[in-house]
Amino acid sequence: MGELSRVYLSVHTPRYCTYEAAFAGKLAHPDFRAVRDGLVAQGRDVSDARPDVIVINSCHLITTFPTVVDGTPRHRGVLTAQEAPELIHGVAYDFPGDWELGSALIERGRAGGLQCVLADDIHYPLDYGTVMPLVCYLDRSQSIPVVPISVCLAADLRESFAWGRIIADAVVAGGRRAAFVASGSVSHKLVRGPEKWPSPADQELDRRFARMLADGEYEKLWAWLPEYAEAAEPEMGGRHLAMMLGALLGAQRKFAATVHAYGPSSGSGNYVISLAAR
Ligand SMILES: [Fe+2]
């Protein structure tokens, strides 16, 4: 029987890449260690949960008008990150996809009046926000099928939230034990200086966000999200957080939270949180 068994808030900032670099002492600052260790712990959780499929919403898989769901049966390529070629270069990825689930998401999106497109193309390029957490930390064996879904600029928080619900419904209908990953920062007021933290006020907002998430107050958090997004300016306007909340509320159950870490990257706040269905 299908279920959304895990929901992850994860991190893709280049400083935590690659796994080998992170462990070869190449992290520029000791403040990065907590998040790196949190990502390793989150990878352990994925390996314990062993989901049938991972649906991942990365803040760097960006589309303008439609939401793109990548249903390519096999994702294969070599990634050099456009904005950080010195940190993320030549990362080979080769992992299965799930065309059937990707198509089901599109069918449900269209039925709900949402503009969306299915990608089914070995050349469809994946971004570092998708590849980095998966390949470096969450599924290093690259054996779990993955369905990437884009962050869409024309979609507001409500539409992003609707996609989360669609994901929760589609995995149940499709008989998948699935995990959802939101790959992106919380507060995201970027400045030069990789080790810079968010302001104390933004850290407080991030902590409040994480507390409500960990306490299972998904409805309240969803109601607060526009205000939080206005104040803390999360990555991509918080669309990935809206999708995550849609998935949690769509699953219609509570999840037990493990807050692995919170840390900085160039002024942004980054949480590593694992949520396991009770
Ligand atoms: Fe990012």
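As the structure is a prediction and not an experimental result, all values here were calculated from the model.

Asker: Even after reading the chapter, I still don't get unusual backbone geometry, so can you show me in this structure?
Answerer: Backbone geometry follows two general trends: most residues other than glycine have a negative phi, and most peptide bonds adopt the trans configuration. Positive phi is not limited to glycine here, since Gln-142 has a value of about 55 degrees. Along the chain, Gln-142 falls in the loop between helix 4 (128-138) and strand 7 (146-152). Even without being glycine, Met-236 reaches a positive phi, approximately 50 degrees. Mapped onto the fold, Met-236 is located in the loop between helix 7 (218-232) and helix 8 (239-250). Look at Met-236 and you get buried, because its relative accessible area is 18%.

Asker: Whenever I open this one, the coordination of the iron ion confuses me. Can you help?
Answerer: Put simply, a metal with four donors set out as a tetrahedron has ideal angles of 109.5 degrees, and one with six donors set out as an octahedron has ideal angles of 90 or 180 degrees. Coordination of the iron ion by the protein is provided by His-12 (NE2), His-60 (NE2) and Glu-235 (OE), with metal-donor distances spanning 2.0 to 2.1 Å. Along the chain, the residues donating to the iron ion are arranged with the sequence spacing H-x47-H-x174-E. Taken together, the positions of His-12 in the loop between strand 1 (3-10) and helix 1 (19-23) and Glu-235 in the loop between helix 7 and helix 8 put the pair 223 residues apart, joining distant regions of the chain. For the pair formed by His-12 and Glu-235, the shared burial category is buried.

Asker: Please clarify how the environment of Leu-275 should be interpreted in this entry.
Answerer: The topology assignment puts Leu-275 in strand 10 (residues 268-277). On the basis of relative accessibility, which here comes to 0%, the residue Leu-275 falls in the buried class. Counting along the chain gives 66 residues from Leu-275 to Phe-209, while the straight-line C-alpha distance between them is 14 Å. Excluding anything up to four places from it in sequence, Leu-275 contacts Ser-5, Arg-6, Val-7, Leu-213, Leu-248, Phe-255, Ala-256 and Ala-257.

Asker: How should I be thinking about the state of the cysteines in this particular structure?
Answerer: Among covalent bonds in proteins, the disulfide is the one between the sulfur atoms of two cysteines. In total, this model carries zero disulfides according to the counting rule given. Counting only cysteine sulfurs, Cys-152 is the nearest neighbor of Cys-59, a cysteine outside any disulfide, at a range of 13 Å.

Asker: I would appreciate a short explanation of the packing of helix 6 (residues 200-214) against helix 7 in the present structure.
Answerer: Helix-helix packing: each pair is described by the crossing angle between the helix axes and the interaxial distance. Direction vectors running N to C along helix 6 and helix 7 enclose 165 degrees, while the axes themselves pass 10 Å from each other. Classified by the interaxial angle, the pair formed by helix 6 and helix 7 is roughly antiparallel. The way helix 6 lies across helix 7 gives a crossing that is left-handed. Residues Asp-202, Leu-205, Asp-206, Arg-208, Phe-209, Met-212 and Leu-213 of helix 6 form the contact with helix 7, whose own contacting residues are Tyr-218, Lys-220, Leu-221, Trp-224, Leu-225, Tyr-228, Ala-231 and Ala-232. Counted by class, the contact of helix 6 with helix 7 contains 11 nonpolar, no polar and four charged residues.

Asker: I tried to follow helix 7 on my own but got confused; where do I start?
Answerer: Given 3.6 residues per helical turn, the α-helix brings residues three or four places apart onto the same face. The end-to-end C-alpha distance of helix 7 is 18 Å, clearly below the 21 Å that 15 residues give at a rise of 1.5 Å each. The sharpest bend along helix 7 measures roughly 45 degrees and falls at Trp-224, with the proline Pro-226 sitting one to four residues further on. Along its buried surface, helix 7 packs onto helix 5 (157-173), helix 6, helix 8 and strand 9 (255-265). Glu-233 sits one or two residues past helix 7 and shows a positive phi near 50 degrees.

Conventions adopted
- Residues numbered from 1 in each chain as written.
- Predicted model: local features only at pLDDT ≥ 70, side-chain atom pairs only at ≥ 80, totals over all residues.
- Heavy atoms only, no water.
- Helix = DSSP H or I, 4+ residues; strand = E, 2+ residues; numbered from the N terminus.
- Buried < 20%, exposed > 50% of the residue type's maximum accessible area, 1.4 Å probe, protein only.
- Donors = N, O, S within 2.8 Å, 3.2 Å for Na, K, Ca; no water.
- Contact = heavy atoms within 4.5 Å.
- Disulfide = S-S within 2.5 Å.
- Axes fitted to C-alpha atoms, helices over the stretch in contact; angles between N-to-C directions.
- Parallel < 35°, antiparallel > 145°, perpendicular 65-115°, else oblique.
- Left-handed = near helix turned anticlockwise from the far one by under 90°.
- Nonpolar A, V, L, I, M, F, W, Y, C, P; charged D, E, K, R; others polar.
- Expected span 1.5 Å × (residues − 1).
- Bend = angle between axes of the 7 residues up to and from the residue.

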